[in-house]
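# Residue-level structure breakdown
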Amino acid sequence: DDLELFRQYCQKDVELEVQVHSLLGGLPDVEQDIFTRDLEINARGMLLDCEGIDKAAALIDERAGELNTEFLALTGFNTTQRDKILQWVRNLGHNSENLQADTIDAVLDSDLPSGPVRRALEIRSQASKASTKKLDAMARQAGSDGRCRFQTR
């Protein structure tokens, strides 16, 4: 049943596209050239330095581990334990609303004296930036030839 519904949907979609084409016509020559060039560029893809991405991810992971170790020694918590960290900060007399990046940056830009709270917030800020998510996403997009394709649509 699902396959039949999908087939009907595709058939209707094609019929509508034909109607739109008959009303609007094809692309003007200049636009067709741009469309074709864009398609060629996207099909060729962008070469990624997969080895460099892997090395960068390893360095970030290593630094994140160092930051987490220091943070755990300082607070007794992992940098990801938001509620516990917030309570710890409050227990030390600093009334922070939250641990969002903008809030932490504002506190660090203030006259917060050096000490465990300042260092914990500095580490938390650095640790939140030490993420390999974007690098991991880039690596997943690379084909067997090291190129990612159709990323600009």
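Above this text sits the structure in question.
Okay, so let's go over this structure. (Residues numbered from 1 in each chain as written. Predicted model: local features only at pLDDT ≥ 70, side-chain atom pairs only at ≥ 80, totals over all residues. Heavy atoms only, no water.)

### Describing a nonpolar patch on the surface
A cluster of nonpolar side chains, Leu27, Phe35, Leu39 and Phe150, forms an exposed patch at the surface whose accessible area comes to about 360 Å². Classification of phenylalanine 150 by relative accessible area gives partly exposed; the value is 40%. (Patch = residues over 30% accessible without salt bridge, like charges linked within 9 Å, V, L, I, M, F, W, Y side chains within 5 Å. Areas by Shrake-Rupley, 256 points an atom, 1.4 Å probe, with all protein chains shown as cover. Salt bridge = Lys/Arg side-chain N within 4 Å of Asp/Glu carboxyl O. Buried < 20%, exposed > 50% of the residue type's maximum accessible area, 1.4 Å probe, protein only.)

### A closer look at the nonpolar core
Within the largest apolar cluster, 16 residues are counted, with the highest numbers of intra-cluster contacts made by Phe71, Ile85, Trp88, Val89, Leu99, Val117 and Leu121. At the level of secondary structure, the elements contributing two or more residues to this core comprise helix H3 (50-75), helix H4 (82-91), helix H5 (101-109) and helix H6 (116-129). Tallying contributions element by element places H6 first for this core, with five residues. Those residues within four positions of tryptophan 88 in sequence are excluded, and the remaining contacts are Leu74, Thr75, Phe77, Pro116, Val117 and Ala120. By size, the runner-up hydrophobic cluster in this structure holds six residues, among which are Ile53, Leu135, Ala142 and Cys148. (Core = buried A, V, L, I, M, F, W, Y, C linked by side-chain atoms within 4.5 Å. Helix = DSSP H or I, 4+ residues; strand = E, 2+ residues; numbered from the N terminus. Contact = heavy atoms within 4.5 Å.)

### Digging into the layout of surface pockets
Any empty space left between atoms is shown by rolling a water-sized probe over those atoms. In this structure, the largest pocket encloses a volume near 160 Å³. Lining the largest pocket, in full, are Ala64, Asn68, Thr79, Thr80, Arg124, Ala127, Ser128, Ala130 and Ser131. Taken together, the elements giving at least two residues each to the lining of the largest pocket come down to H3 and H6. Looking at the lining of the largest pocket, its residues break down into three nonpolar, five polar and one charged. (1 Å grid on protein atoms, 1.4 Å probe; cavity = no way out; pocket = protein on both sides within 12 Å on 5 of 7 lines; lining within 4 Å. Points joined across faces, edges and corners; volume = space filled by probe spheres on them. Nonpolar A, V, L, I, M, F, W, Y, C, P; charged D, E, K, R; others polar.)

### A look at the state of the cysteines
Tallied over the entire structure, the rule returns zero disulfides. Cysteine 148 provides the cysteine sulfur closest to cysteine 50, a residue in no disulfide bond, and the two sulfurs are 8.8 Å apart. Judged by relative accessible area, cysteine 50 falls into the partly exposed class, the value being 29%. Look at cysteine 148 and you get buried, because its relative accessible area is 6%. (Disulfide = S-S within 2.5 Å.)

### Re the packing of H3 against H6
Describing two packed helices takes the angle between their axes plus the distance from one axis to the other. Contact geometry for H3 and H6: axes closest at 10 Å, N-to-C directions at 155°. The orientation of H3 with respect to H6, classified from their angle, is roughly antiparallel. With respect to the hand of their crossing, H3 and H6 are arranged in left-handed fashion. Contact residues: H3 offers Arg63, Leu67, Glu70, Phe71, Leu74 and Thr75, while H6 offers Pro116, Arg119, Ala120, Ile123, Arg124, Gln126 and Ala127. Here the residues of the contact of H3 with H6 sort into seven nonpolar, two polar and four charged. (Axes fitted to C-alpha atoms, helices over the stretch in contact; angles between N-to-C directions. Parallel < 35°, antiparallel > 145°, perpendicular 65-115°, else oblique. Left-handed = near helix turned anticlockwise from the far one by under 90°.)

### Comments concerning unusual backbone geometry
One non-glycine residue, phenylalanine 150, lies in the positive phi region at around 55°. Examined against the element boundaries, phenylalanine 150 turns out to sit in the segment after strand E2 (147-148).

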